[in-house]
Amino acid sequence: MSAESDPMQAALAEARLAAEAGEVPIGAVMVYEGAIIARGQNRVLRDNDPTAHAEIIALRAAAAALGNYRLVGCTLYVTLEPCAMCAGAMIHARLDRLVFAAADPKAGACGSVLAVLNHPKLNHQMQVEQGIGDEESAELLRNFFRERR
């Protein structure tokens, strides 16, 4: 297993926990200096909070862990391409890097539907990589929605 896949496997584990709780299976982990410092999973239903996406939960936990809302030097691993809200939060946090598994053709804001990250008029740019763990993430989502129909 590569160093890149270890954090994504941790994010996928968070996604599975979200699914077990009845949430859309999306998970995220934040890495700083080679260590996972925060985890997040969708909590929208459990918290009755439309902002409780996995990425936002992980961003909040990372900011608390570092004692700073600026997450310079951090990489967020997430199982699904972030939406516009989450992409905006990552920009405000000055995240260094985003690694996401599956593209989101319905709400993705990292190139699939919108291109919020690295927009030339915005004041912060970050590295964006996709595809690590994409098959497993897509399968989790397909299974979740198949069971709900």
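Before any of the text, the structure's been laid out above.
Small disclaimer: the values here were computed from a predicted structure and weren't measured.

Rules used throughout
- Residues numbered from 1 in each chain as written.
- Predicted model: local features only at pLDDT ≥ 70, side-chain atom pairs only at ≥ 80, totals over all residues.
- Heavy atoms only, no water.
- Helix = DSSP H or I, 4+ residues; strand = E, 2+ residues; numbered from the N terminus.
- Buried < 20%, exposed > 50% of the residue type's maximum accessible area, 1.4 Å probe, protein only.
- Contact = heavy atoms within 4.5 Å.
- Areas by Shrake-Rupley, 256 points an atom, 1.4 Å probe, with all protein chains shown as cover.
- Lys, Arg positive; Asp, Glu negative; His and termini not counted.
- Charge placed at Lys NZ, Arg CZ, Asp CG, Glu CD.
- Pairing = 2+ DSSP bridges.
- Axes fitted to C-alpha atoms, helices over the stretch in contact; angles between N-to-C directions.
- Expected span 1.5 Å × (residues − 1).
- Arc of directions from axis to C-beta.
- Core = buried A, V, L, I, M, F, W, Y, C linked by side-chain atoms within 4.5 Å.

Caption draft 1: Region of the structure containing the overall build of the protein chain. Looking only at helices and strands, the protein chain has five helices and five strands in total. Taken along its principal axes, the extent of the C-alpha atoms in the protein chain is 40 × 35 × 30 Å. Taking all 149 residues of the protein chain together, 44% fall into the buried category. When contacts within the protein chain are restricted to residue pairs at least 6 apart in sequence, those whose partners lie at least 24 apart make up 56%. Element-wise, carbon and sulfur atoms account for 53% of the exposed surface of the protein chain, whose accessible area totals about 7,400 Å². Across the protein chain, 14 positive and 18 negative side-chain charges occur, with their mean positions spaced 6 Å apart.

Caption draft 2: Inspection of the sheet that holds strand 5 (residues 127-130) at higher detail. Ordered in space as 2-1-3-4-5, the five strands form an open sheet in which the pairing is mixed. Single-partner strands in this sheet number two, and they are strand 2 (35-41) and strand 5. When the angles between neighbouring strand axes are averaged without regard to direction, this sheet yields 15°. Pairing analysis gives six bridges linking strand 1 (residues 27-32) to strand 2, with the strands arranged antiparallel. Paired with Y32 across the strands is A35, a residue of strand 2. Along the sheet, helix 3 (residues 54-66) makes contact with strand 1, strand 2 and strand 3 (74-80), crossing strand 2 at roughly 140°. The strands touched by helix 5 (residues 134-148) are strand 3 and strand 4 (97-102); relative to strand 4, the strand with the most contacts, the crossing angle is about 55°.

Caption draft 3: Focus on helix 5. Helix length check: helix 5 (15 residues) gives 21 Å between terminal C-alpha atoms against 21 Å at 1.5 Å per residue, within 8%. Here helix 5 has its buried residues at S137, L140, L141 and F144. Each buried residue of helix 5 sits inside an arc of 90° when the element is viewed along its axis, so together they form one side. Turned more than 90 degrees from where helix 5 packs its buried face, E135 and E147 sit exposed.

Caption draft 4: Just the nonpolar core, in detail. One finds M30, L71, L76, M90, L95 and L98 to be the most contacted residues of the largest nonpolar core, which totals 30 residues. Of all elements in the fold, only strand 1, helix 3, strand 3, helix 4 (84-92) and strand 4 reach the threshold of two or more residues within this core. Counting residues per element, this core draws most heavily on helix 3, at six residues. Not counting chain neighbours up to four residues away, the residues in contact with L76 comprise A28, V29, M30, E55, A58, M90, L95, R97, L98 and V99. Among the nonpolar cores identified, the runner-up in size contains 11 residues, and M8, A10, V29 and Y77 belong to it.

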